[in-house]
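The chain contents come next:
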Amino acid sequence: AQSVSQHNHHVILSEAASLELGCNYSYGGTVNLFWYVQYPGQHLQLLLKYFSGDPLVKGIKGFEAEFIKSKFSFNLRKPSVQWSDTAEYFCAVNYMNSGGYQKVTFGTGTKLQVIP
Amino acid sequence: DAMVIQNPRYQVTQFGKPVTLSCSQTLNHNVMYWYQQKSSQAPKLLFHYYDKDFNNEADTPDNFQSRRPNTSFCFLDIRSPGLGDAAMYLCATSRRDRRANIQYFGAGTRLSVL
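Bear in mind that the values here come from a model prediction, so they are computed numbers and not experimental data.

Enquirer: Mind laying out the overall build of chain B, listing which residues take part and the relevant values?
Expert: Looking only at helices and strands, chain B has zero helices and eleven strands in total. Viewed in the frame of its principal axes, chain B has a C-alpha envelope of about 40 × 35 × 30 Å. Every one of the 114 residues in chain B was classed for burial, and the buried ones make up 51%. Summarising the internal contacts of chain B: among those between residues at least 6 apart in sequence, 56% fall at separations of at least 24. Counting every atom, chain B has about 5,800 Å² of accessible surface; 48% of that belongs to carbon and sulfur. With 13 positive and 9 negative side-chain charges, chain B shows a separation of 3 Å between the mean positions of the two kinds.

As C-alpha cells, this is what we get:
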C-alpha cells in the first residue's frame, strides 16, 4: 500500500514566523499531490494542488508547496503565518492503483497552532 | 452554499444498534467516498462509488455497508456498531477525472457508541 508521511504532528508558532510542513510519499509512479486544510469546526478543504509543470505551486492564503520528485516530497510553506492559519493540515497523494482506479492516500495530519 | 452535506453532525448510538449516516451533494459529481477518521489519524477510505459501481476497500469490515440510490445521495450503514467504530465519518465527492481526484468534503458526522 502507498503511504504518506507527515513528520510533524503538532507545530506551534508565533505570528509572523515562517512555516514549513514536511510531506513524503512512497509511490514511485505518476502522482498528483494535494494539501488539504481543516480549520477548527470546519470541513476539509483544498489548499493547493500539483498536477504537472512548475513544481512550485501556490495556493490560497499565501501558502505554497514544492514538489521534489527525487525526494518524493511535497512540503508546504508559508513565509509569515497568521493566527487564522491555526488548523490541521493534511498532505494527500493521488495515484492510479492496480485496479485502474484513482486512489487518494492521506497523511496523518499536522496540527498547527499559531500564537498571537 | 454548502456543496457536500452530511447529516447528522453528531450521532450517538448504542453498542450493536444499527445506525445510518447520510451524505448529499449538489455538485453532480459521479464519485462519492466514505472515510473513517479517528483522532490523530489519517482519513481512511472505507469505500467509494463510481456512479453506481461500488468499490469496497479490502480491509473495510463487513459491518460497514453503503447505498447510493441516486447521484445526489449516499448512505453509510453500520450494522452492529462497536466501541471501536466511534470516529468521525467523512463523505467526499469528486468528478471522474483522468487527471486527478480533487475531493470535496462534507463537514463530517461524529459517531459516538455507548
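Enquirer: Tell me about the interface of chain A and chain B, and name the residues and values.
Expert: Counting residues at the interface gives 20 residues for chain A and 24 residues for chain B. A combined buried area of about 1,800 Å² lies between chain A and chain B, and 55% of that area is made up of carbon and sulfur atoms. When the buried area of chain A at its contact with chain B is split by residue, Tyr101, Gln102 and Phe106 of chain A rank highest and sum to 30% of it. Counting across the interface, chain A meets chain B through zero salt bridges. Counting every contact that joins chain A to chain B gives one residue pair in polar contact (both at pLDDT 80 or more). Where the side of chain A that touches chain B is concerned, the elements lending two or more residues are strand 5 (32–38), strand 6 (45–50), strand 10 (87–96) and strand 11 (102–106) of chain A. When its residues are assigned to classes, the side of chain A that touches chain B shows nine nonpolar, nine polar and two charged.

Enquirer: I'd like a rundown of the side chain of threonine 110 of chain A, residues and numbers included.
Expert: Residues and elements named next belong to chain A. Mapped onto the fold, threonine 110 is located in strand 12 (residues 110–115). Overall, threonine 110 belongs to the buried group, its relative accessible area being 1%. Reaching out from threonine 110, the side chain makes a polar contact with the side chain of glutamine 6 at a distance of 3.3 Å. Separated by 2.4 Å, the side chain of threonine 110 and the backbone oxygen of asparagine 8 make a polar contact.

Enquirer: For unusual backbone geometry, give the residues involved together with the corresponding values.
Expert: Residue and element names in this part refer to chain B. Here the residue pair asparagine 7 and proline 8 is connected by a cis peptide bond, since its omega of -10 degrees sits within 30 degrees of zero. Turning to its location among the elements, proline 8 is positioned in the loop between strand 1 (4–7) and strand 2 (10–13). At aspartate 51, a residue that is not glycine, the phi angle is positive and equals roughly 55 degrees. For aspartate 51, the location among the structural elements is in the loop between strand 5 (44–50) and strand 6 (53–56). Accessibility expressed as a relative area gives 40% for aspartate 51, which makes it partly exposed.

Rules and cut-offs
- Residues numbered from 1 in each chain as written.
- Chains lettered and ligands numbered in written order.
- Predicted model: local features only at pLDDT ≥ 70, side-chain atom pairs only at ≥ 80, totals over all residues.
- Heavy atoms only, no water.
- Helix = DSSP H or I, 4+ residues; strand = E, 2+ residues; numbered from the N terminus.
- Buried < 20%, exposed > 50% of the residue type's maximum accessible area, 1.4 Å probe, protein only.
- Contact = heavy atoms within 4.5 Å.
- Areas by Shrake-Rupley, 256 points an atom, 1.4 Å probe, with all protein chains shown as cover.
- Lys, Arg positive; Asp, Glu negative; His and termini not counted.
- Charge placed at Lys NZ, Arg CZ, Asp CG, Glu CD.
- Buried area = accessible area lost by both parts, 1.4 Å probe.
- Salt bridge = Lys/Arg side-chain N within 4 Å of Asp/Glu carboxyl O.
- Polar contact = N/O pair within 3.5 Å; in protein donor to acceptor, adjacent residues only side chain to side chain.
- Nonpolar A, V, L, I, M, F, W, Y, C, P; charged D, E, K, R; others polar.

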